[in-house]
Structure formats: C-alpha cells, structure tokens
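Residue-level structural notes
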Amino acid sequence: MGSANKSSTDRRARIEEMRRAEQARERRNRVLVIGASVVAVAGLVAGGVVLVRSQDDKGGDVATSDSSGKGRFVTGKDGVRTWEGKLSRNHVTKAVKYASEPPVGGDHNPVWMNCNGDVYTEPLKNTNAVHSLEHGAVWVTYNADAGKADVDALAAKVRKTPYTLMSPVDDQKDPIMLSAWGHQRTVTGAKDPNVDAFFEKFVQGAQTPEPGAACTNGLSK
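Before going into details, it helps to say that this report is about the structure given with it. (Residues numbered from 1 in each chain as written. Predicted model: local features only at pLDDT ≥ 70, side-chain atom pairs only at ≥ 80, totals over all residues. Heavy atoms only, no water.)

**With respect to the pattern of salt bridges**
Note that side chains of opposite charge can pair when their charged atoms are close. The condition is simple: Any Lys or Arg side-chain nitrogen found within 4 Å of a carboxyl oxygen on Asp or Glu counts as a salt bridge. Counting from the N terminus, the helices are DSSP H or I runs at least four residues long and the strands are E runs at least two residues long. Residue exposure (1.4 Å probe, protein chains only): buried if accessible area is under 20% of the type maximum, exposed if over 50%, otherwise partly exposed.
Tallied over the entire structure, the rule returns 5 salt bridges. The partner of Arg89 in a salt bridge is Glu134, with the nearest N and O atoms 2.7 Å apart. In this pair, Arg89 is assigned in the loop between strand 3 (81-84) and strand 4 (96-97) and Glu134 in helix 2 (residues 126-134), connecting sequence segments 45 residues apart. Take Arg89: its relative accessible area is 39%, and that puts it in the partly exposed class. Exposure remark for Glu134: the relative accessible area of 1% places this residue in the buried category. Asp174 is the salt-bridge partner of Lys173, the closest N and O atoms lying 2.7 Å from each other. Among the charged side chains, a network of salt bridges with common partners joins Arg89, Glu134 and Glu210.

**Here's the deal with the side chain of His135**
Just so we agree on the cut-off: Contacts were defined at the residue level, with two residues in contact if any of their heavy atoms lie within 4.5 Å.
Mapped onto the elements, His135 comes out in the loop between helix 2 and strand 6 (138-142). Residue contacts for His135: discarding those within four places in its chain leaves Trp112, Tyr163, Gln204, Thr208, Glu210, Ala213 and Ala214.

**Some words on helix 3 (residues 148-159)**
Note the following rule: To estimate how far a helix should reach, multiply one less than its number of residues by 1.5 Å. Here, the arc refers to the directions that run from the helix axis to the C-beta atoms.
With 12 residues, helix 3 ought to run about 16 Å at 1.5 Å a step, and its terminal C-alpha atoms sit 16 Å apart, in line with that. Every buried residue of helix 3 is listed here: Val151, Leu154, Ala155 and Val158. Summarising the axial view, the buried residues of helix 3 lie within an arc of 105°, below the 170-degree limit, and thus occupy one face. In this structure, the buried side of helix 3 is in contact with strand 5 (116-119), strand 6, strand 7 (164-168), strand 8 (176-180) and helix 4 (193-202).

**Some details on the state of the cysteines**
What counts is decided by this rule: Note on disulfides: each one is a pair of cysteine sulfur atoms within 2.5 Å.
Applying the stated rule across the entire model yields 1 disulfide. Paired by a disulfide, Cys115 and Cys215 hold their sulfur atoms 1.7 Å apart. Handedness of the Cys115-Cys215 disulfide follows from its S-S torsion of about -90°: it is left-handed. A residue pair is termed long-range when its members are at least 10 positions apart, and Cys115 in the loop between strand 4 and strand 5 and Cys215 in the segment after helix 4 qualify at 100 residues. Cys215 carries the same exposure label as Cys115, and that label is buried.

**Some thoughts on the nonpolar core**
Keep this limit in mind: The definition of a nonpolar core used throughout is a set of buried Ala, Val, Leu, Ile, Met, Phe, Trp, Tyr and Cys residues joined through side-chain atoms within 4.5 Å.
Core analysis: the biggest nonpolar cluster contains 41 residues, and Leu165 and Met166 have the highest contact counts within it. Counting residues per element, the ones that place at least two in this core are helix 2, strand 6, helix 3, strand 7, strand 8 and helix 4.

**A short note on the packing of aromatic side chains**
What describes a pair of aromatic rings is the distance from one ring centre to the other and the angle between the planes of the rings. For the record, the criterion: In summary, the pairing rule links any two rings of Phe, Tyr or Trp, Trp by its six-membered ring, whose centres are within 6.5 Å, and it sorts them by plane angle into stacked for under 30 degrees, edge-to-face for over 60 and tilted for everything else.
Enumeration according to the criterion identifies 2 aromatic pairs in this entry. Consider the rings of Phe73 and Trp83, whose centres lie 4.9 Å apart with planes at 85°: the pair is edge-to-face. In this pair, Phe73 sits in strand 2 (residues 72-75) while Trp83 sits in strand 3, placing the two residues 10 residues apart along the sequence. A relative accessible area of 18% places Phe73 in the buried class. Here the aromatic rings of Phe198 and Phe202 are separated by 4.5 Å at their centres, their planes lie at 50°, and the arrangement is tilted. Remark: Phe202 and Phe198 occur in helix 4; sequence separation between them is 4 residues, near one turn of the helix.

**Description of the pairing of strand 7**
Cut-off, in case you're wondering: For two strands to be treated as a pair, DSSP must find no fewer than two bridges joining them. Crossovers are described as right-handed under a simple rule: with the strands pointing away from the observer, the path leading from the first strand over the helix to the second runs clockwise.
Counting buried positions along strand 7 yields 5 of 5 residues, so the element is predominantly enclosed. For strand 5 and strand 7, the ladder comprises 3 bridges, and the chain directions are parallel. Residue pairing for strand 7: Asn116 is matched across the bridge by Thr164. Where strand 6 lies against strand 7, 5 bridges are found, and the strand directions are parallel. The residue of strand 7 that forms the bridge with Trp139 is Leu165. In the classification by handedness, the crossover that spans strand 6, the intervening helix 3 and the parallel strand 7 is right-handed.

Dropping the structure here:
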C-alpha cells in the first residue's frame, strides 16, 4: 500500500511539474505571437503580402495512408495491446486512414485536442486526438453499448486528471477503450481496476514522444 501511494504521489508531482513548465511555455508563446503579429502587420503594410492558406482546398477531405499500417498489435499478459512497428509523427492537414479505431499514433494534424481533463460529447477528428496522444495524454473512448453510469463515472475521473481526454467513438469494437501513444486496452467499466492501472502507467508515461508538451491552447471543439 505504501509503495502504491508513493507511486501515485510521484505521478501527481510529475504532472504538476509538467503543468508548470507548460504554463511557462504558454507565457513565452504569447510574447512570440505578439511579436510575430507586429512583424506580420508591418510586412502587410509595406509590401501588400498575400496570405496563403496552409491547407490545400483540393482534396482536403481525402484520407492519406499512414505508415502505422505496417505494424501490428501484440497483447501483453496485463491485457494491454502494444503496437509493434513504427508510428510516424508527420504533421498533415488531410484526414488519415489509421490502422485501428481509435488510433494509437501515426501522422496527425498540427493542432492537438485539448487534453487537460477535457470531456467531449461528440466524436473528435482522429488526427487531432492522435496529436494529444503524442503529448502523453490518455484517451478514453466509448460507443453506444457503454452504460451511462460507466460513461458518467469515467468522465468524472477524466475531469480530475490532467493529460486525459474523453469522447465517443461510434466505430470502435468494444464499449469502452483506453488509448495512449502505441498502447491500447479494453476495460469492462469504470470500476475495472485496469482503468487506474492504465492511467498510472500511461498518463505522461514513458511511451510519450513529447513529454511535457501542452494539453491546452489546442482545439476545444
């Protein structure tokens, strides 16, 4: 019991440290954005610069293939499925055809979904949610077969946990699933002890490609 409490305390301290670092980065980013805006306005006045949209209008909704399709899941003794194979991390503006639903990594949109304990009641774009996984978030998903009591209890847990997010995924194969970058598992409900175990291991866990990266100032749907 003592070691479990120490582990939980250490994780909370690690997350709090990450949040302080994130807040410092946000302050720096605001200064940079203000400076960049001044420069941009000056450039527009001086040269009549034409702004170009970052996303091509042609084929913007056409899904591109993702290199994660070259791997496969391997299930461990703890029931966690781990992706064996390279998960690419390119920023793309088009939709991506992932190898699993929900996906556990791969090419993704440059903008992440807010994952500071955010609970969404509508489906998300996979490309934005995958970016959140890259930042070390755990993504709780459910379909129409999940019980309302379980959904409500899991939502309450997510709201209390930084670096998590939750949303419905209609096409997933099981009622309730947990995903992190490169890892995924099914749970039976909110009281399943594997929920806490997954959060403990993968919220800002060792699998995180960009530890400490922001889970705020992204998309909030």
